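Geometric and topological summary
The chain contents come next:
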Number of protein chains: 4
Amino acid sequence: MMVRAAVAGASGYAGGELLRLLLAHPRVEIGALTGNSNAGQRLGGLQPHLLPLADRVLEPTTADVLAGHDVVFLALPHGQSAAVAEQLGDEVLVVDMGADFRLKDAADWEAFYGSPHAGTWPYGLPELPGARAALRGSKRIAVPGCYPTAVSLALFPAYAASLAEPEAVVVAATGTSGAGKALKPNLLGSEVMGSMSPYGVGGGHRHTPEMIENLSAAAGERVTVSFTPTLAPMSRGILATCSAKAKPGTTAQDVRAAYEKALADEPFVHLLPEGQWPATASVYGSNAVQIQVAYDEAAQRIIAISAIDNLTKGTAGGAVQSMNIALGLPEDTGLSTIGVAP
Amino acid sequence: MMVRAAVAGASGYAGGELLRLLLAHPRVEIGALTGNSNAGQRLGGLQPHLLPLADRVLEPTTADVLAGHDVVFLALPHGQSAAVAEQLGDEVLVVDMGADFRLKDAADWEAFYGSPHAGTWPYGLPELPGARAALRGSKRIAVPGCYPTAVSLALFPAYAASLAEPEAVVVAATGTSGAGKALKPNLLGSEVMGSMSPYGVGGGHRHTPEMIENLSAAAGERVTVSFTPTLAPMSRGILATCSAKAKPGTTAQDVRAAYEKALADEPFVHLLPEGQWPATASVYGSNAVQIQVAYDEAAQRIIAISAIDNLTKGTAGGAVQSMNIALGLPEDTGLSTIGVAP
Amino acid sequence: MMVRAAVAGASGYAGGELLRLLLAHPRVEIGALTGNSNAGQRLGGLQPHLLPLADRVLEPTTADVLAGHDVVFLALPHGQSAAVAEQLGDEVLVVDMGADFRLKDAADWEAFYGSPHAGTWPYGLPELPGARAALRGSKRIAVPGCYPTAVSLALFPAYAASLAEPEAVVVAATGTSGAGKALKPNLLGSEVMGSMSPYGVGGGHRHTPEMIENLSAAAGERVTVSFTPTLAPMSRGILATCSAKAKPGTTAQDVRAAYEKALADEPFVHLLPEGQWPATASVYGSNAVQIQVAYDEAAQRIIAISAIDNLTKGTAGGAVQSMNIALGLPEDTGLSTIGVAP
Amino acid sequence: MMVRAAVAGASGYAGGELLRLLLAHPRVEIGALTGNSNAGQRLGGLQPHLLPLADRVLEPTTADVLAGHDVVFLALPHGQSAAVAEQLGDEVLVVDMGADFRLKDAADWEAFYGSPHAGTWPYGLPELPGARAALRGSKRIAVPGCYPTAVSLALFPAYAASLAEPEAVVVAATGTSGAGKALKPNLLGSEVMGSMSPYGVGGGHRHTPEMIENLSAAAGERVTVSFTPTLAPMSRGILATCSAKAKPGTTAQDVRAAYEKALADEPFVHLLPEGQWPATASVYGSNAVQIQVAYDEAAQRIIAISAIDNLTKGTAGGAVQSMNIALGLPEDTGLSTIGVAP
C-alpha cells in the first residue's frame with residue numbers, strides 16, 4: 001500500500017530535502033507540490049538537484065490542492081500552519097515542519113513568537129523518553145527545530161540519569177541552509193565564506209524554549225539553557241557543543257554508562273567509540289546523529305557534542321522518521337545512516 | 001540472487017564512495033574490504049560516514065582475501081591492478097577503478113605513465129557509442145577517469161554529429177577529493193579554501209590521452225585536446241567547460257538537435273532546458289550528469305559544459321553502472337539521479 | 001601634499017575595497033562617502049572591517065556632496081556615471097569603476113549594454129601598450145572590468161609578439177564578490193559553497209567586447225574571444241585560463257621569451273618561474289598579478305593563466321594604480337604585492 | 001633607525017604571516033630567514049604570496065645564522081625555543097611565538113607538555129592588566145597562543161570587574177591555519193570543507209592552562225575554564241564564545257560598563273556597538289579584535305564573544321605589537337585594524 005503525500009512549501013530548502021527523501025521512500029507516492037510565490041514554476045528550475053521531479057509544476061498552497069492526500073507536510077513560514085491544518089480533515093496525517101505546534105508552554109510561545117499559541121502536537125523527536133508512544137497512530141506531528149534536535153539528543157541522557165546540574169550551556173554552529181533561502185545580506189556567499197559569526201546571542205533565539213522544555217522533561221526539574229548559535233561557512237550541518245556542571249560525585253564512568261544506556265537501541269543515534277569525535281561531514285545528507293561525551297575533571301563539567309545534518313535529521317529526515325512511526329511503518333523506512341563524504 | 005563484492009582499497013575516497021553506493025544496492029552483499037597501509041584498522045575510524053560498516057576491519061590486499069567473490073572492485077594506485085587481476089579467476093568480474101586498462105594505445109600509455117601497457121579492458125562509460133555492447137557479460141571493466149567522464153560526455157555528441165573541428169579546448173575544475181587522500185601540502189584545507197589554481201598544464205595530465213581516444217572514436221578522426229585542470233575549493237564535483245570550433249555551416253539549431261538526439265535516452269545524462277546551466281551542487285552524491293550546450297556565433301564555437309560528482313559518476317557510480325550492465329541487471333540499480341543540495 | 005578623495009558607492013564591495021586601500025595610501029585623505037539606498041547609515045554597520053571609518057555616515061550621491069574633492073571615485077551601477085561625471089568640473093580627477101567609459105566601440109557598447117554610448121576615457125590598465133602615457137595627467141579614467149584585467153594581462157604578450165592566432169578561448173573562475181552585494185538567490189552562501197557553475201555562456205558576458213578590444217589592439221588584428229565565466233566557491237579571486245593556437249613555427253622558447261620581455265618591468269605583474277602555477281590565494285588582497293604560460297606541443301596551443309584578486313587589481317587596486325599615474329605619484333604608492341595567505 | 005630582524009621558522013604559517021607584517025613595518029629590515037627541513041629552498045616556492053621575498057633562500061636554523069640581528073623571532077615547534085634562545089645574547093630581543101615560555105606554573109607546563117618547564121617570559125598580550133609595563137624594554141617576549149588571546153580578551157573585563165563566577169565555559173571555532181602546515185589527514189581540504197568538528201575536548205587542549213592563568217590573574221581568584229576547540233571550514237579566524245555565570249546582583253548595565261571601561265583605550269580591541277556581533281571575516285588579516293558582550297537574564301550568564309585572525313592578532317600581529325612596545329616604538333607601528341573583506 002502506498003501513502004500519497006503532499007508537500008506545501010516545496011521550493012524552500014526544507015521542502016527540497018523532504019522531496020529528496022520522499023523520492024527514496026518505498027512507501028510514499030509524491031502528490032501535490034505547492035509554493036506561494038513560486039506557484040506556476042517548474043521544480044527543475046527551483047530544485048535542480050531533484051531530477052525526477054524536474055517537470056513538476058508548483059501549485060498554490062490551498063486546502064483544495066492539499067486535499068485528498070494521506071499525508072500533508074507543511075514547510076511553511078512560522079504562523080501559517082494552523083490555518084492550513086484546520087482545513088485538512090482529522091483523518092489526514094499533518095506533519096508540520098514549522099514551529100507552530102512545538103511548544104507546550106503558551107507563555108513561552110507568546111514571548112518568543114509574539115502571536116497567540118496555536119496548540120501543541122505530538123513532538124517528532126522519537127528518541128526522547130515517551131515520544132515514540134505519543135507519535136504512534138497520531139494524525140498530527142510537530143517536527144522539532146534543527147537546533148533542539150541536536151541539543152536535546154546530546155544532553156538528555158545526562159539529565160535523564162540525573163548527572164547534570166540544571167544549567168546547560170550550548171554553543172552550536174550551523175550551516176547556512178538552516179537560515180533558509182531568504183535573501184538577506186548576511187547570507188550572501190561573499191559574507192559567509194571564510195567567516196564565523198554568532199547571532200541571536202543572549203537568550204533570544206526562538207529555539208531556546210524548545211530546548212528548555214525537552215531537557216526539563218528529561219531532568220524532572222527546570223533546566224536553563226544558555227544558547228549561542230553561530231553561522232559557519234558550510235551549507236549543511238550542525239555541531240552542537242553542550243555542557244553542564246556534573247552533580248557532585250559524578251564520575252567519567254557514570255557519564256559514559258548513562259549515554260551508552262540511553263542511546264543503545266536507537267537506530268539513528270550513534271554514540272562514537274571513546275576517542276573519536278563527531279564531524280558534520282560524516283552525517284551529511286543522512287538521518288544519523290553522531291554523539292560523543294567527555295567529562296572534564298578539572299572543570300567538573302560534562303561535555304556532550306552532537307553532529308547532525310540540519311536539513312535531514314534536523315528537519316526533513318526527522319519528519320519522515322516520525323511519519324513512519326505514526327503510520328506504523330518500520331521507523332527507518334526510506335532513511336539512511338550513511339553520510340555523503342568527503 | 002545476491003552478488004558478493006569485495007573492495008580492494010576501501011580506505012580511500014574512491015573506495016569509500018563505492019561502499020556508500022554498494023550499501024544502497026539491493027543486489028550486492030559486501031564481502032572483503034582490504035587496504036594495505038590500513039589493514040587491521042576499523043572502518044569506522046577511516047570512513048566515519050559509513051555507519052553500517054563501522055565495525056568492519058580492513059584486511060590486507062591479497063588474492064586469498066579477494067578470492068571467492070562474484071565481483072572484485074580494485075581501487076588501487078595506478079600500476080597495481082594487473083598483478084591482482086591476474087590472480088583472480090576469469091569467472092570473477094573485476095572492475096578496475098584505476099587507469100591500468102583504460103587506454104587502447106600502448107604508446108600513449110607508456111608516454112604518460114612510464115610503464116609497460118597492461119592491456120585494454122571494456123571501457124566503463126556506457127553512454128559512449130558502442131560501449132554498452134562491450135560491457136554486457138564482460139568479466140573485466142576499466143572504469144574511466146573522472147575528467148574523461150565529464151569531458152567525453154560533454155563533447156561526444158558534437159563530434160558524433162560531425163559538427164566540431166577536431167581541436168577541443170577543455171578547462172575543468174575539480175573538487176579536492178579528485179586528488180585523493182594523499183598527504184600533499186597543496187591539498188591542505190588552509191591552501192585550498194578560498195583559492196583556485198591550475199595544475200598539469202600544457203598537455204601533461206594523464207587523463208588527456210583518454211579524452212583523445214574517446215573523442216577521436218566519436219569523431220572518426222583524430223581529435224586533439226588542450227586540457228587544463230584546476231583545483232577548486234570544494235570537496236566534490238567537476239565542472240568541465242569544453243569547446244571546439246564549429247565546422248562551417250553549423251547552426252545553433254544543429255548543435256541543440258545533436259545533443260538532444262545523442263542524450264535523449266540516457267538514464268543518467270540530463271541535457272538541461274535552454275537557459276539553465278549545470279552546477280556541481282546539483283549532482284552532489286548522485287550519478288547524474290548535467291549538460292548544457294551553447295553556440296557562440298561571434299567566436300563560431302560550440303561550448304558544452306558538464307557537471308558531475310567526480311566520486312560518483314566520475315568513479316564509483318560509473319563503476320556500479322557498468323557492473324550492472326555486465327551482470328545483466330537494470331542499469332540504474334542502486335544508483336540515483338538525485339543530488340544532495342544545497 | 002594630500003589628495004582629497006570622495007567615494008560614490010561606498011557601501012558595495014568595490015567601494016569597500018577602495019576604502020581599504022585608500023586608508024593605507026599615504027597621500028590620500030578620505031572625504032565624502034556616499035551611497036543612495038544606504039545614505040544616513042554608519043559605515044561601521046555596512047563595512048565592519050573598516051574599523052577606522054566605523055563612525056562615518058554615508059551621504060546621498062549628489063554633485064554637491066562630491067564637489068570640492070581632488071579625486072572622485074565612482075563605484076556606481078552601470079549607466080549612472082556619466083550623469084555624475086558631467087557635474088564635476090574638468091579639474092577634478094574622476095575615476096569610474098563602472099563600465100560606462102571603457103569601450104571604444106559604440107556599437108559594441110550598445111549591443112552589450114542596451115543604452116547609448118557615453119564615450120571613452122583613458123583606460124586604467126597601465127600594463128597594456130600605450131596605456132600609461134594616456135593616463136599621465138588625465139582627469140578621467142575608466143577602470144577596466146575584473147575579467148578583462150585578468151585576461152588581457154594573460155594574453156597580450158602573446159598577441160603583441162604575434163605568436164598567437166586571433167581566436168582566444170578563455171574560461172575564468174571568479175569569487176562571488178565579483179557579482180556584488182545584490183541579493184540574488186544564486187549568490188546565497190548555501191548555493192555557492194561546494195559548487196562550481198557557469199553563467200553568461202556563449203558570448204553574452206558584457207566583459208567580452210572589452211577583452212576583444214584590448215587583445216585586438218595588442219595583436220594589430222581583430223581577435224575573437226570565446227569567454228566562459230564560472231562562479232567558484234570563494235569570496236575573492238579570478239583564475240583566468242586563456243589559450244590560443246600558436247602561429248606556425250612558434251616554439252616554447254619563443255613563448256617564454258615574449259612573456260619575459262613584455263612583463264619584465266611591471267611592478268605588479270609577476271611571471272612565475274617555470275614549473276610554478278598561479279593561485280588566487282597568493283594574490284588575495286594584493287594588487288599583484290601572477291602569470292604563468294605553457295606551450296602545449298600536441299595541441300599547438302599557448303596556455304596563459306593569470307590569478308588576480310578581482311576586488312584589488314581587478315577593481316579598486318587598478319583604480320588606485322591608475323590614479324597614482326594620473327596624479328604623477330609613484331605608481332605603487334599605497335599598493336602592495338603581498339597577498340594575505342593562507 | 002632600522003631594526004634588523006631574523007625569523008626562525010619562515011616556511012610555516014606563523015612565519016609567513018610574520019613576514020607579511022614585517023614587510024609592511026616601516027622600522028624593520030628583514031634579515032636571515034631560516035627553516036630546517038626547507039633550508040636551501042626559495043621562499044617563492046614556499047610562501048608564494050610574499051612576492052618581494054620570492055628570491056630569498058632559507059638557511060638552517062642555527063645560532064650562527066641568527067646572530068647579529070636586533071630581534072629574533074622564533075616560530076619553531078614547541079620545545080625548541082629554549083635551546084636557540086640561550087645561544088642568543090641578552091642584548092638581542094627574542095620573541096618566542098611558541099609555547100615554551102608562556103606559562104608561569106611549572107606543574108601545569110609539565111602536565112600539559114610533558115617536558116621540564118623552561119621558564120616564564122614577559123607575556124605578549126599587552127591588553128591584559130600590567131602586561132604593557134612588563135613588556136617595555138624587555139629582551140624576551142612570550143607570544144600568547146591564539147586561543148588564549150581571543151578568550152582572555154573576551155573575558156578579562158568581566159573578571160577584572162568581579163562580575164563573573166570563576167567557572168568559564170568557552171567554545172571556540174578556529175580556521176585550519178591554526179593547526180599549521182603539518183600533513184595530517186584531518187587537515188586535508190576534502191575533510192575540512194563543509195565540516196565542523198571538535199578536538200581536544202574535555203580539558204586536554206594545551207592552551208587551557210594559559211587561559212586559566214590569564215583569567216585567574218584578572219579575577220584575583222582561581223578561575224576554571226571548560227574549553228572546547230572546534231575546527232571550522234575556513235583558513236583563518238577564531239570566533240570564541242565565552243560565558244560565565246554572573247555574580248549575584250549583576251545587571252546588563254554593569255556588564256556593558258565594565259567592558260567599555262576595560263577596552264576604551266585599546267588601539268586594537270573594538271567593543272562593537274550594541275546589537276552588532278563580531279565576524280571573523282571583519283578582522284581577516286588585521287590585528288584588530290572585535291568583541292561583543294551580552295547578558296542573558298534567564299540563564300544569568302555573561303556571554304562575551306571575540307573574533308580575531310588567529311595568524312595576525314593571534315600570533316604574528318601580537319608578536320609585532322609586543323616587539324613595538326619592547327623597543328619603545330608606537331604600539332601600532334606597522335599594524336592595521338583594517339580587515340580584508342569580503
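Residues numbered from 1 in each chain as written. Chains lettered and ligands numbered in written order. Predicted model: local features only at pLDDT ≥ 70, side-chain atom pairs only at ≥ 80, totals over all residues. Heavy atoms only, no water.

In the annotation of an unreviewed UniProt entry, the entry for chain A reads N-acetyl-gamma-glutamyl-phosphate reductase, and the organism field reads Streptomyces lunaelactis. In the Pathway (unreviewed entry) part of its UniProt record, chain A is described as follows: "Amino-acid biosynthesis; L-arginine biosynthesis; N(2)-acetyl-L-ornithine from L-glutamate: step 3/4." (UniProt positions renumbered as here; feature names shortened; annotations may be inferred.)

1. A closer look at the relation of the copies chain B and chain C
If you rotate chain B by 180° and push it 0.0 Å along the axis, it lands on chain C with an RMSD of 0.0 Å. Such a combination of rotation and displacement between the chain copies is what one expects of a two-fold axis. Interface overlap between copies is the fraction of interface residues in one copy that are interface residues in the other; for chain B against chain C it reaches 100%, indicating a shared surface. (Least-squares fit on C-alpha atoms with pLDDT ≥ 70 in both. Contact = heavy atoms within 4.5 Å.)

2. With respect to the UniProt feature "domain: Semialdehyde dehydrogenase NAD-binding" (unreviewed entry) in chain A
Feature annotation in UniProt assigns "domain: Semialdehyde dehydrogenase NAD-binding" (unreviewed entry) to the following positions: residues 4–136 of chain A. For residues 4–136 of chain A, the end-to-end C-alpha separation is 19 Å, with 29% helix and 15% strand making up the annotated structure. (Helix = DSSP H or I, 4+ residues; strand = E, 2+ residues; numbered from the N terminus.)

3. Here we look at the sheet that holds strand E10 (residues 269–271) of chain B
Through backbone hydrogen bonds, the strands of a sheet pair up, either in parallel or in antiparallel fashion. Residues and elements named next belong to chain B. What the seven strands build is an open sheet, ordered E7-E8-E6-E9-E12-E11-E10; its pairing is mixed. Two strands bound the open sheet, and with one partner strand each, they are strand E7 (197–198) and E10. Relative to strand E9 (residues 238–246), strand E6 (residues 164–174) runs antiparallel, the two being bridged by eight bridges. Following the sheet pairing, Thr-174 is matched in E9 by Ile-238. Relative to the sheet, helix H7 (residues 146–160) contacts E6, strand E8 (224–231), E9, E10, strand E11 (289–296) and strand E12 (301–308), its axis offset from that of E6 by approximately 150°. Most of the contacts of helix H10 (residues 252–263) go to E11, to which it runs at about 160°, and overall it touches E10, E11 and E12. (Pairing = 2+ DSSP bridges. Axes fitted to C-alpha atoms, helices over the stretch in contact; angles between N-to-C directions.)

4. Focus on the pairing of strand E6 (residues 164–174) of chain C
Residue and element names in this part refer to chain C. With nine of 11 residues buried, E6 lies mostly within the body of the structure. In terms of strand pairing, E6 meets strand E8 (residues 224–231) through eight bridges, oriented parallel. Residue pairing across strands places Ala-172 opposite Pro-229, the latter belonging to E8. (Buried < 20%, exposed > 50% of the residue type's maximum accessible area, 1.4 Å probe, protein only.)

5. So, the pattern of salt bridges
Residue and element names in this part refer to chain A. The final tally for this structure, using the stated rule, is 52 salt bridges over all chains. Across the pair Arg-132 and Glu-266 runs a salt bridge whose closest N-O atoms are separated by 2.6 Å. In this pair, Arg-132 sits in helix H6 (residues 131–135) while Glu-266 sits in the loop between helix H10 (252–263) and strand E10 (269–271), placing the two residues 134 residues apart along the sequence. We note that Arg-132, like Glu-266, is buried. (Salt bridge = Lys/Arg side-chain N within 4 Å of Asp/Glu carboxyl O.)

6. Re unusual backbone geometry
Put simply, A:Ala341 and A:Pro342 share a cis peptide bond, and its omega is 5°. Topologically, A:Pro342 is positioned in the segment after helix H11 (312–327). For A:Ser162, which is not glycine, the phi torsion reads 55° and is therefore positive. Mapping A:Ser162 onto the fold places it in the loop between helix H7 (146–160) and strand E6 (164–174). In this structure, B:Gln300 is a non-glycine residue whose phi angle is positive, near 55°. Relative to the assigned elements, B:Gln300 resides in the loop between E11 and E12. Using a relative accessible area of 41% as the deciding quantity, one classes B:Gln300 as partly exposed.

7. A closer look at the packing of H7(B) against helix H11 (residues 312–327) of chain B
Residues and elements named next belong to chain B. Between H7 and H11, the least distance of the axes is 8 Å, while the angle of their chain directions is 100°. By the angle between their directions, the pair H7 and H11 is classed as roughly perpendicular. Between H7 and H11, the residues in contact are Cys-146, Thr-149 and Leu-153 and Lys-313, Gly-314 and Thr-315, respectively. Split into classes, the residues belonging to the contact of H7 with H11 amount to two nonpolar, three polar and one charged. (Parallel < 35°, antiparallel > 145°, perpendicular 65-115°, else oblique. Nonpolar A, V, L, I, M, F, W, Y, C, P; charged D, E, K, R; others polar.)

8. Side note on the domain arrangement of chain A
Residues and elements named next belong to chain A. Taken domain by domain, chain A comprises domain 1 (3–143 + 315–327) and domain 2 (147–308). In this structure, domain 1 and domain 2 have C-alpha centres spaced 24 Å apart. In this assembly, 24 residues from domain 1 lie in contact with 25 residues from domain 2. Taking both sides of the interface into account, the surface hidden between domain 1 and domain 2 amounts to around 2,100 Å²; carbon and sulfur atoms contribute 53%. Taken together, the links from domain 1 to domain 2 amount to three salt bridges. Between Glu-17 and Arg-236 there is a salt bridge whose closest N-O contact spans 2.6 Å. Contributions of two or more residues to the side of domain 1 that touches domain 2 are made by helix H1 (13–23), helix H5 (106–113) and H11. (Domains from an automatic or database assignment. Buried area = accessible area lost by both parts, 1.4 Å probe.)

9. Points about the interface of chain D and chain A
Listed by partner, the interface residues are 41 residues for chain D and 41 residues for chain A. Across the interface of chain D and chain A, roughly 3,100 Å² is buried in total on both sides, 66% from carbon and sulfur atoms. When the buried area of chain D at its contact with chain A is split by residue, D:Met196, D:Pro198 and D:Val201 rank highest and sum to 17% of it. Where chain D meets chain A, there are two salt bridges. Where A:Glu167 meets D:Lys245, a salt bridge forms, and the shortest distance between an N and an O atom there is 2.3 Å. Counting every contact that joins chain D to chain A gives six residue pairs in polar contact (both at pLDDT 80 or more). At the level of elements, strand E6 (164–174), helix H8 (189–192), strand E7 (197–198), strand E8 (224–231), strand E9 (238–246), strand E11 (289–296) and strand E12 (301–308) of chain D are the ones that each hand at least two residues to the side of chain D that touches chain A. Looking at the side of chain D that touches chain A residue by residue, the class counts come to 22 nonpolar, 13 polar and six charged. (Polar contact = N/O pair within 3.5 Å; in protein donor to acceptor, adjacent residues only side chain to side chain.)

10. Remarks on helix H1 (residues 13–23) of chain C
When you tally the buried positions in H1(C), you get nine out of 11 residues, the bulk of the element. Elements in contact with the buried residues of H1(C): helix H8 (189–192) of chain A together with strand E1 (3–8), strand E2 (28–34), helix H2 (43–46), strand E3 (71–74) and helix H11 (312–327) of chain C.

11. Quick notes on the sheet that holds strand E12 (residues 301–308) of chain A
Residue and element names in this part refer to chain A. Spatial ordering of the open sheet is given by E7-E8-E6-E9-E12-E11-E10, a layout of seven strands whose pairing is mixed. Each edge of the open sheet carries a strand with a single partner, namely strand E7 (197–198) and E10. Sheet topology places E7 next to strand E8 (residues 224–231); two bridges connect them, and they run antiparallel. By the bridge assignment, Pro-198 is partnered in E8 with Thr-230. In the packing of H7 onto the sheet, contacts are made with E6, E8, strand E9 (238–246), E10, strand E11 (289–296) and E12, and the angle to E6 comes to roughly 150°.

12. Section: the packing of helix H7 (residues 146–160) of chain D against helix H10 (residues 252–263) of chain D
Residue and element names in this part refer to chain D. Axis separation between H7 and H10 bottoms out at 9 Å; the angle between their running directions is 115°. With respect to each other, H7 and H10 are oriented roughly perpendicular. Crossing hand, H7 versus H10: right-handed. Contacts between H7 and H10 involve Ala-154, Leu-155, Phe-156, Pro-157 and Ala-158 from the first element and Ala-258, Tyr-259, Ala-262 and Leu-263 from the second. Partitioned by chemical class, the residues of the contact of H7 with H10 number nine nonpolar, no polar and no charged. (Left-handed = near helix turned anticlockwise from the far one by under 90°.)

13. Focus: helix H9 (residues 208–219) of chain B
Residues and elements named next belong to chain B. Over its 12 residues, H9 runs 16 Å from end to end, which matches the ideal 16 Å to within 8%, given 1.5 Å per residue. Along H9, 11 of the 12 residues are buried, which leaves the element largely enclosed by surrounding structure. Inspection of H9 places Thr-208, Pro-209, Glu-210, Met-211, Ile-212, Glu-213, Asn-214, Leu-215, Ser-216, Ala-218 and Ala-219 among the buried residues, and these make up the whole buried set. As for H9, its buried residues are in contact with helix H5 (106–113), H7 and E8. Of the residues trailing H9, Gly-220 is marked for its positive phi of about 70°. (Expected span 1.5 Å × (residues − 1).)

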